[in-house]
Amino acid sequence: MKRAGFTTTWLPILLLVPQLLIIAVFFYWPAVHALQSSFYLQDPFGFGSTYVGLENYTDLAQSSEYLKITRFTVVFTLLVTFFSLALALLLAVKADTVIRGARTYRTLLMWVYAVAPPVAGFIGLLMFNQSWGPLTDIARAIGWDFKLGVNFNDTATAMVIVSVWKQVPVNFIFFLSGLQSIPKSVREAALIDNRSASGRFWDVTFPLLAPTGFFLLIINITYALFDTFGIIDTLVKGEPGNNPMTLVYKVYVDGFRGNDLGGSSAQSVVLMVLVLALTVFQFRLVERRIHYT
Amino acid sequence: MTNLSNTTIAAPTRRIRWSRLLDHAVLIAGSLFLLIPLLIVLQTTTTTDVETMKNGPQLVIGSQFDDNLKDAMVKASGFSGENTGMSMLINSMILGLGFALGKIIIGMMAAYALVYFRLRFATLAFWLIFTTLLLPLEVRILPSYEIAQKLGLLNTYTGLIVPLIASATATFFFRQFFRSVPEELVEAARIDGAGPVKFFIDILAPLSQTMIAAMFIIMFVYGWNQYLWPTMITTDEDMYTLVRGIKQITQDLEGTNIPEYGRANMLALIAILPPVAVVIFFQSWFVKGLTESDK
């Protein structure tokens with residue numbers, strides 16, 4: 001860092017100590033601890049633990065339940081990411097073109113950002129209420145006997161809908177700000193070259209939004225993997241049973257409820273590797289291929 | 001940007017009107033998609049539980065709002081009778097404010113040290129701090145819980161707030177911001193004989209006001225909305241936050257008697273309102289902070 005700075009040495013150390021202390025205790029220690037206990041088998045009654053090497057991992061790889069949950073997580077993540085990005089992009093493009101009521105629309109389309117995931121799940125319970133939920137009624141009208149919490153696919157559908165509802169505003173905010181940062185000169189040039197609005201969108205606006213889009217892609221995948229915990233937990237009312245669950249929910253269920261610390265730690269490590277891979281992907285591949293203006 | 005469409009006078013006016021109408025139709029549909037669930041919660045807070053159970057949400061505004069509000073604030077749902085709406089609201093406030101303040105103060109301190117001082121181990125500290133951006137709390141939740149337990153932090157505000165601060169989002173954000181502050185300011189301050197403390201208080205902090213506000217809004221909402229960590233760390237009902245208490249609220253809808261829709265929905269409403277109000281009132285700061293910090 002080539003910056004003019006102060007030469008005092010005790011002050012910066014003093015300033016850094018709180019941050020370093022907190023991350024040492026609540027970040028590095030737990031991360032190392034998870035890695036370590038993933039190689040051990042914990043006694044369920046708390047009488048120590050035995051070293052089992054990679055057994056926790058091989059158990060995971062062979063578990064058909066874990067495979068099923070992984071498959072569900074992938075499908076869930078794809079659906080949530082796709083629908084929340086597509087809807088948000090559509091709304092952002094429209095919000096960017098209208099003049100009248102632009103501010104009102106913006107407010108109406110972003111407030112859900114501040115709703116907590118479990119509260120969103122709670123609202124989902126109302127919307128899909130068995131006897132009078134508006135969405136259950138709509139499903140019934142098209143001949144779909146919707147049973148939240150009973151039927152696997154119905155519950156999964158509800159999870160996707162609530163998760164998309166919660167995520168559209170974040171994507172909307174980013175897409176809108178991305179659209180508004182496209183220079184006026186570029187838009188005017190496009191307007192002269194191409195008369196059709198949809199042609200302009202796909203040839204000019206969409207490529208210029210690509211950096212925002214890729215950034216949001218990672219954000220949305222992370223959201224679907226981790227932040228939907230609250231939505232899932234409330235929609236299944238804290239009792240997973242045969243209901244769909246994601247990988248993070250499984251970590252919680254096994255470790256906190258089932259007391260399988262070793263297995264749960266191994267799952268944590270798998271998730272850590274997954275997140276690291278995503279981040280590396282974000283930094284390397286995406287940054288290189290997308291052209292920023 | 002938005003007045004661009006004004007310049008497309010050449011096209012026949014009629015076609016433009018139709019497409020404009022379509023734009024509005026899409027936006028209205030989107031707004032309703034987001035808004036209707038909230039309206040349903042609102043409506044059911046104004047009716048009696050029996051009415052809601054029989055008919056579901058209606059188009060009329062009932063007269064039970066104040067009764068439901070009183071129920072929600074004073075009545076407890078747990079065994080201990082301590083998790084009233086009032087106590088959960090206070091805990092949520094403590095979590096939201098404590099988290100936001102803690103994160104900003106610690107982040108600003110660390111960022112100031114990293115940007116404005118020549119330190120031998122600065123690079124090491126930088127990597128140690130920014131590695132934390134890679135792994136969310138969710139993937140190390142159990143070991144974090146065990147450590148909090150070892151340190152005797154279960155059911156304390158410290159245990160609720162501090163582990164959530166252990167990631168460097170705010171630090172990263174302030175570092176970016178400090179680096180965009182012109183270097184001449186430090187040089188001028190040093191020539192005038194100002195030390196690091198005086199420079200921070202008199203020059204850097206006032207310059208960062210907008211950024212601090214934006215960070216505060218985002219962090220307050222983030223802290224208020226935490227669920228998984230509070231669920232694990234607080235087992236005493238008097239420590240519940242509104243968002244953590246939501247599971248018990250859903251169980252009120254399960255009861256064998258008449259589900260307490262009025263009270264439950266009122267609590268959900270109270271859990272939604274403060275963060276939403278903050279986001280709406282400080283919209284421009286919030287959007288600026290969000291779109292500039294995450295990139």
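Residues numbered from 1 in each chain as written. Chains lettered and ligands numbered in written order. Predicted model: local features only at pLDDT ≥ 70, side-chain atom pairs only at ≥ 80, totals over all residues. Heavy atoms only, no water.

Section: the domain arrangement of chain B
Residue and element names in this part refer to chain B. Threshold: Segmentation of the chain into domains, including their bounds, is taken from an automatic or database domain assignment. Only heavy atoms enter the contact rule, under which two residues are in contact if any of them lie within 4.5 Å. Reported buried area values correspond to the accessible surface (1.4 Å probe) lost by two parts on association, with both partners' losses combined.
Once the domains are mapped, chain B shows domain 1 (2-65) and domain 2 (85-293). Once you take the C-alpha centre of each, domain 1 and domain 2 turn out to be 33 Å apart. Taken residue by residue, the interface counts 10 residues in domain 1 and 10 residues in domain 2. Note on domain 1 versus domain 2: buried area summed over both sides is about 910 Å², and carbon and sulfur give 79% of it.

Some thoughts on empty space enclosed by the protein
All names here are of chain B. Inclusion rule: Cavities and pockets were defined on a 1 Å grid built from protein atoms only: a cavity is a group of points that admits a 1.4 Å probe but offers it no way out, a pocket is an open group of points flanked by protein on both sides within 12 Å along at least five of seven lines, and a lining residue is one with an atom within 4 Å of any such point. Grid points are joined across faces, edges and corners, and a volume is the space filled by probe spheres set on the points. Segments assigned H or I by DSSP are reported as helices when at least four residues long, segments assigned E as strands when at least two residues long, and all are numbered from the N terminus.
Using the criterion set out here, one finds 1 cavity of 30 Å³ or more in the structure. Space inside the largest cavity adds up to approximately 40 Å³. Considering the residues around the largest cavity, the lining is formed by Gln-43, Thr-44, Thr-47, Glu-51, Thr-52, Asn-55, Gly-56, Pro-57 and Gln-58. Broken down by secondary-structure element, the contributors of at least two residues to the lining of the largest cavity are helix H1 (13-44) and helix H2 (49-55). No other element matches the 3 residues that H2 contributes to the lining of the largest cavity.

Details of unusual backbone geometry
Even without being glycine, Asn-155 of chain B reaches a positive phi, approximately 55 degrees. Its location among the elements puts Asn-155 of chain B in the loop between helix H6 (141-150) and helix H7 (157-165).

Things to note about the UniProt feature "domain: ABC transmembrane type-1" (unreviewed entry) in chain A
Short version of the rule: UniProt positions are given in the numbering used here, feature names are shortened, and annotations may be inferred rather than shown by experiment.
The feature "domain: ABC transmembrane type-1" (unreviewed entry), as annotated in UniProt, sits at residues 74-282 of chain A in this numbering. Counting secondary structure, residues 74-282 of chain A comes out at 78% helix and 0% strand; the distance between its end C-alpha atoms is 18 Å.

Structural notes on the UniProt feature "transmembrane region" (unreviewed entry) in chain A
Residues and elements named next belong to chain A. Within this numbering scheme, the UniProt entry marks residues 12-31, 72-93, 105-128, 156-179, 200-226 and 266-286 as carrying the feature "transmembrane region" (unreviewed entry). The distance separating the terminal C-alpha atoms of residues 156-179 is 33 Å; by composition the span is 100% helix and 0% strand. In residues 200-226, helix accounts for 100% and strand for 0%; the two terminal C-alpha atoms are 36 Å from one another.

Quick word on the interface of chain A and chain B
One frequent convention defines the size of an interface as the accessible area lost when the parts assemble. To keep it simple, the criterion reads: Here a salt bridge means any side-chain nitrogen of Lys or Arg lying within 4 Å of a carboxyl oxygen belonging to Asp or Glu. Polar contacts here mean pairs of N or O atoms no more than 3.5 Å apart (in protein, one a potential hydrogen donor and the other a potential acceptor; neighbouring residues in sequence count only if both atoms are side-chain atoms). Three classes are used: nonpolar for Ala, Val, Leu, Ile, Met, Phe, Trp, Tyr, Cys and Pro, charged for Asp, Glu, Lys and Arg, and polar for all others, with Gly counted as polar.
On the side of chain B, 113 residues touch chain A, which itself brings 96 residues to the contact. Here chain A and chain B share an interface that buries about 9,900 Å² over both sides, 76% of which is from carbon and sulfur atoms. In this assembly, chain A and chain B are joined by 2 salt bridges. With a closest N to O distance of 3.1 Å, Asp-23 of chain B and Lys-94 of chain A form a salt bridge. Linking chain A with chain B are 16 residue pairs in polar contact (both at pLDDT 80 or more). Sorting elements by how many residues they give to the side of chain A that touches chain B places helix H1 (residues 10-37) of chain A first, with 19 residues. Partitioning the side of chain A that touches chain B into residue classes produces 64 nonpolar, 18 polar and 14 charged.

Quick word on the packing of aromatic side chains
For clarity, the threshold we go by: The pairing test for Phe, Tyr and Trp rings, Trp by its six-membered ring, is centres within 6.5 Å, and the orientation test on the planes gives stacked under 30 degrees, edge-to-face over 60, and tilted for anything in between. For every residue, the accessible area obtained with a 1.4 Å probe (protein chains only) is divided by the maximum for its type, and the residue is called buried under 20%, exposed over 50%, and partly exposed between those limits. Two conditions define a charge located above a ring, namely a distance within 6 Å from the ring centre to NZ of Lys or CZ of Arg, and an angle within 35 degrees of the ring normal.
A complete count under the given rule lists 36 aromatic pairs over all chains for this structure. When the ring of Phe-6 of chain A is compared with that of Phe-117 of chain B, the centres are 5.8 Å apart and the planes differ by 45 degrees; the resulting orientation is tilted. Of this pair, Phe-6 of chain A sits in the segment before H1 while Phe-117 of chain B is found in the loop between helix H4 (85-116) and helix H5 (122-130), placing the two residues in two different chains. Relative to Phe-178 of chain B, the ring of Phe-174 of chain B has its centre 6.1 Å away and its plane inclined at 35 degrees; by these criteria the two rings are tilted. Taken together, the positions of Phe-174 of chain B and Phe-178 of chain B, both in helix H8 (residues 169-180) and 4 residues apart, correspond to about one turn of that helix. Across the pair, Phe-178 of chain B and Phe-174 of chain B agree in class, each one buried. Each member of the aromatic cluster is reached from another via a ring pair, and the members are Phe-6 of chain A together with Tyr-112, Tyr-116, Phe-117, Phe-173, Phe-174, Phe-177, Phe-178, Phe-199 and Phe-200 of chain B. Taking NZ or CZ as reference, Lys-166 of chain A lies 5.8 Å from the ring centre of Tyr-113 of chain A, over its face. Taking NZ or CZ as reference, Arg-244 of chain B lies 3.9 Å from the ring centre of Tyr-240 of chain B, over its face.

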